[in-house]
Structure formats: structure tokens, C-alpha cells
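Residues per chain, in single letters:
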Amino acid sequence: MSRVIYVNGSYCAYDEAYVHVEDRGFQFADGVYEVCEVRNHRLIDETRHMQRLVRSLNELEIKQPMSLKALGMVMRETVRRNRVRDGLVYLQITRGVARRDFIFPHADNPCSVICLARISSFAKADALAEQGITVITLPDIRWKRPDIKSVSLLPNALAKQQAKRAGAYEAWMMDEDGNVTEGSSSNAYIVSSDGNVITRPAETGILRGITRSVIFDLAEREGIQIIERPFSLNEAEQAREAFLTSATSVVLPVVRINDRTIGDGKPGALASKLRALFHTQAEIAE
Ligand code: PDD
């Protein structure tokens, strides 16, 4: 089946899906994006993803190109045309095409909107979750606004590549105080010896993950305490459990950080429970 990508109002064949070379997304990483999980043809947590998208657009003073309802229709149609039952949908909005200039073009300059959808294997993800993953740590070299979900992802890509080279699944980035900020494409958590989940506050140097926010609601429902505070690498190495969250990996237990085994080296009970229950708490769109 040939893939279809939405580009500025048209559903194009994969090989014909282009944006202009002077798109500001291309020249300045001047754009934002969202990734939603697709499960059984349905969008997961669409409302929260769209709220975050609007926030990212506002922070960068990019005018919202169409209503959230219309963006939702584009995402659904892209999922439908690509026959994605389980996978993800990616939506990207940039400040559009303009003669290269650091100064923004006029506010009426049309944004570029692209949307793609693709299938992913939940069986593979489940197998990974049953085994647990390894993460490495490295310095967080990103700009100071990771709360904006911008397409400026070069440091994240460098970190992920380094993880892959080391045989790890993810890289946890560290601030100058030796505390973990987040993963290159996920949020980071540990579980203390008394069974509390610890994760960095969303206000300081991380993306406010949508999966993270659903995990907070789920934890409250299940009587699990989450403490928002920075944690160090040293503390993570001593933790009972560690895990990460993102829209594409949901919850993944971490069983090794660098060359240190976490807990007994098997996926933690709490992380596995949160993974198993996640979709009982998430919003499943019509
Ligand atoms: N990444 N932190 C970073 C730096 C991320 O890139 C992501 C998501 C997250 C988790 O956010 P959420 O729970 O809303 O997915 C945290 C997406 C999946 C990506 O770029 O592909």
C-alpha cells in the first residue's frame, strides 16, 4: 500500500509530498509538532495533545492555521488513508515559506501543515516492556525551552544516536547539577524504596509529556504517590525501579542505567502496572 501524506491541504503520494526549500521549518527549525498514539484506529489523548500544540504555537507566536476540529479531521483522514490500525500520527506546523530572514514574516504568511501516519508493532513494544530497556546518560545540551514541542530536535537526535551506538534504547539527559532532565524523546522516572514515583517538575527544563500527565491521573486513581522533584543519576542507580513514558512507547521499564543494574534487573512491578493500566485512563477519541 502506498503511503499518503497531508501537505498544506492535499493528501499526496509519499513520493510527491514536498515543502518548499524556504520553509522556515527547514531553515530555522521554526515549527512545532505533536505525536499521538493510534490504537485500534482511534487517536489517544487527542484533546491534551491539541492543547499542548496550541500552547507551543502561542509561545512561538505562530498563528494557528485552522481550528482544532479541522486539525483533528486531518489527523483522522491521514490515519484512515494510511490504514493505520495501531501506530502513530504526526502533525507538524511551521511558520511557513518566506524569503530567508531571521525576522518573522508577516503574521498572515500561511503556515505549513503536514501530517503523516504510520503503523507500528505493539507486539514488539510489549516484548521490549517485558524485557526492560537500557538507558545511557549524557549532558543535556538543548536550548532552555524544551517545554515547547518544537521541531528543533538535533540534540535529541544526537543523544538517541549515541544511545543506539551504546546498545541502549534511550539516552537520559543530565543538567549541570547532575540531575536527570528527561529522555531524548521521553520523560524519566524512578521509584524510591518506599514505593513513590519521582519525576522532575514539568516547569524546569523538560517537555510536559502528555503520557506523563495521564500517568499522574492514573497514579492518583490507583493511590500511587508521585513526587515532582529533580533526581540525580546516583539516586536513579540506587532506585527500586526506573521507567520512561512517551506517546509512542507508553510506559517502558528501565532495567539498566549505563552499566548499573536497576533493582533486580527485571521490569519493576509499578512500571509494569502503569503500562498495563494506561489505556484505562487515557482519552480514546471517537
Ligand atoms: N516525543 N520528552 C521529549 C523530549 C519528547 O520528545 C517526548 C515525546 C516526551 C514525551 O511526551 P509525550 O508523552 O507527550 O509523548 C518527553 C515524541 C513521542 C516524539 O518526538 O516522537
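All figures in this text were calculated on a predicted structure; none of them were measured in a lab. (Residues numbered from 1 in each chain as written. Predicted model: local features only at pLDDT ≥ 70, side-chain atom pairs only at ≥ 80, totals over all residues. Heavy atoms only, no water.)

**Considerations on the nonpolar core**
The nonpolar side chains of soluble globular proteins are, as a tendency, buried together. Counting residues in each nonpolar core, the largest one holds 24 residues, and the members touching the most others are Leu53, Val89, Leu91 and Ile93. Secondary structure elements with two or more residues in this core: β3 (31–39), α2 (46–59), α3 (68–81), β5 (87–94) and β6 (112–119). Take this core: its biggest share by element is four residues, from α3. Those residues in contact with Ile93 that lie beyond four places of it in its chain are Gly31, Val32, Leu53, Leu57, Ile62, Pro65, Leu71, Cys111, Ser112 and Val113. Listed in part, the 19 residues of the second largest apolar core include Met174, Val180, Ile190 and Phe231. (Core = buried A, V, L, I, M, F, W, Y, C linked by side-chain atoms within 4.5 Å. Buried < 20%, exposed > 50% of the residue type's maximum accessible area, 1.4 Å probe, protein only. Helix = DSSP H or I, 4+ residues; strand = E, 2+ residues; numbered from the N terminus. Contact = heavy atoms within 4.5 Å.)

**Observations regarding the pairing of strand β9 (residues 180–183)**
Bridge count for strand β8 (residues 170–174) against β9 is two bridges, and the pairing is antiparallel. Within the sheet, the bridge partner assigned to Met174 lies in β9 and is Val180. Counting the residues in the hairpin turn of β8 and β9 gives five residues, including Gly178, whose phi is positive at 85°. (Pairing = 2+ DSSP bridges.)

**Thoughts on the domain arrangement of the chain**
Domain assignment breaks the chain into domain 1 (4–120) and domain 2 (125–281). Using only C-alpha atoms to locate each centre, domain 1 and domain 2 end up separated by 26 Å. Facing 20 residues of domain 1, the contacting portion of domain 2 comprises 21 residues. The junction of domain 1 with domain 2 conceals about 1,700 Å² of combined surface from both sides, 60% of it contributed by carbon and sulfur atoms. (Domains from an automatic or database assignment. Buried area = accessible area lost by both parts, 1.4 Å probe.)

**Some thoughts on the layout of surface pockets**
Here the second largest pocket defines a volume of roughly 290 Å³. Lining of the second largest pocket is provided by 13 residues; of these, Asp140, Arg142, Lys144, Asp175 and Glu176 occupy positions nearest its centre. Residues belonging to the lining of the second largest pocket are distributed by class as follows: four nonpolar, three polar and six charged. (1 Å grid on protein atoms, 1.4 Å probe; cavity = no way out; pocket = protein on both sides within 12 Å on 5 of 7 lines; lining within 4 Å. Points joined across faces, edges and corners; volume = space filled by probe spheres on them. Nonpolar A, V, L, I, M, F, W, Y, C, P; charged D, E, K, R; others polar.)

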